[in-house]
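# Breakdown of the fold
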Amino acid sequence: MQSNSQRITVTMPADQADQLKRLVDAGGADSVSSYVAEAVKARLDRDQGLSDLRDLFDRKGQGPTPEHLAWARELLGVEDGGKHHQGVPS
């Protein structure tokens, strides 16, 4: 663990915890901690990107067009659920 790391407790579904432990045992990850830290970093980076995008649209004074959203969904391979995520239209 890095010297600037902090120990925390995380609760997750038992089947996911078991799957993660099997992955580590099989050599698919260095440790449970490193796997979770990488996943958290990826999520934080994504959330920061969404925040930056929201700020850009706020400064522009308008949101993306339906065509922009359709293009982004196609590029990302996600479906239009008609929901909003943290202020960014889906």
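Further up the page is the structure itself.
The following refers to the structure shown. The structure presented is a predicted model; accordingly, all values stated were derived computationally and were not measured. (Residues numbered from 1 in each chain as written. Predicted model: local features only at pLDDT ≥ 70, side-chain atom pairs only at ≥ 80, totals over all residues. Heavy atoms only, no water.)

## Brief notes about the overall build of the protein
- A count of helices and strands for the protein gives three helices and two strands.
- Secondary structure elements of the protein occur, N-terminal to C-terminal, as α-α-α-β-β.
- Across the 90 residues that make up the protein, the buried fraction comes to 13%.
- Taking as baseline every contact in the protein between residues at least 6 positions apart, the subset at least 24 positions apart corresponds to 35%.
- Only carbon and sulfur atoms are counted for the fraction: they give 53% of the accessible area of the protein, which is about 7700 Å². (Helix = DSSP H or I, 4+ residues; strand = E, 2+ residues; numbered from the N terminus. Buried < 20%, exposed > 50% of the residue type's maximum accessible area, 1.4 Å probe, protein only. Contact = heavy atoms within 4.5 Å. Areas by Shrake-Rupley, 256 points an atom, 1.4 Å probe, with all protein chains shown as cover.)

## Observations regarding a nonpolar patch on the surface
- Taken together, the side chains of Trp71, Leu75, Leu76 and Val78 define a hydrophobic patch exposed on the protein surface, amounting to about 490 Å² of accessible area.
- Tryptophan 71 sits in the exposed class, given a relative accessible area of 56%. (Patch = residues over 30% accessible without salt bridge, like charges linked within 9 Å, V, L, I, M, F, W, Y side chains within 5 Å. Salt bridge = Lys/Arg side-chain N within 4 Å of Asp/Glu carboxyl O.)

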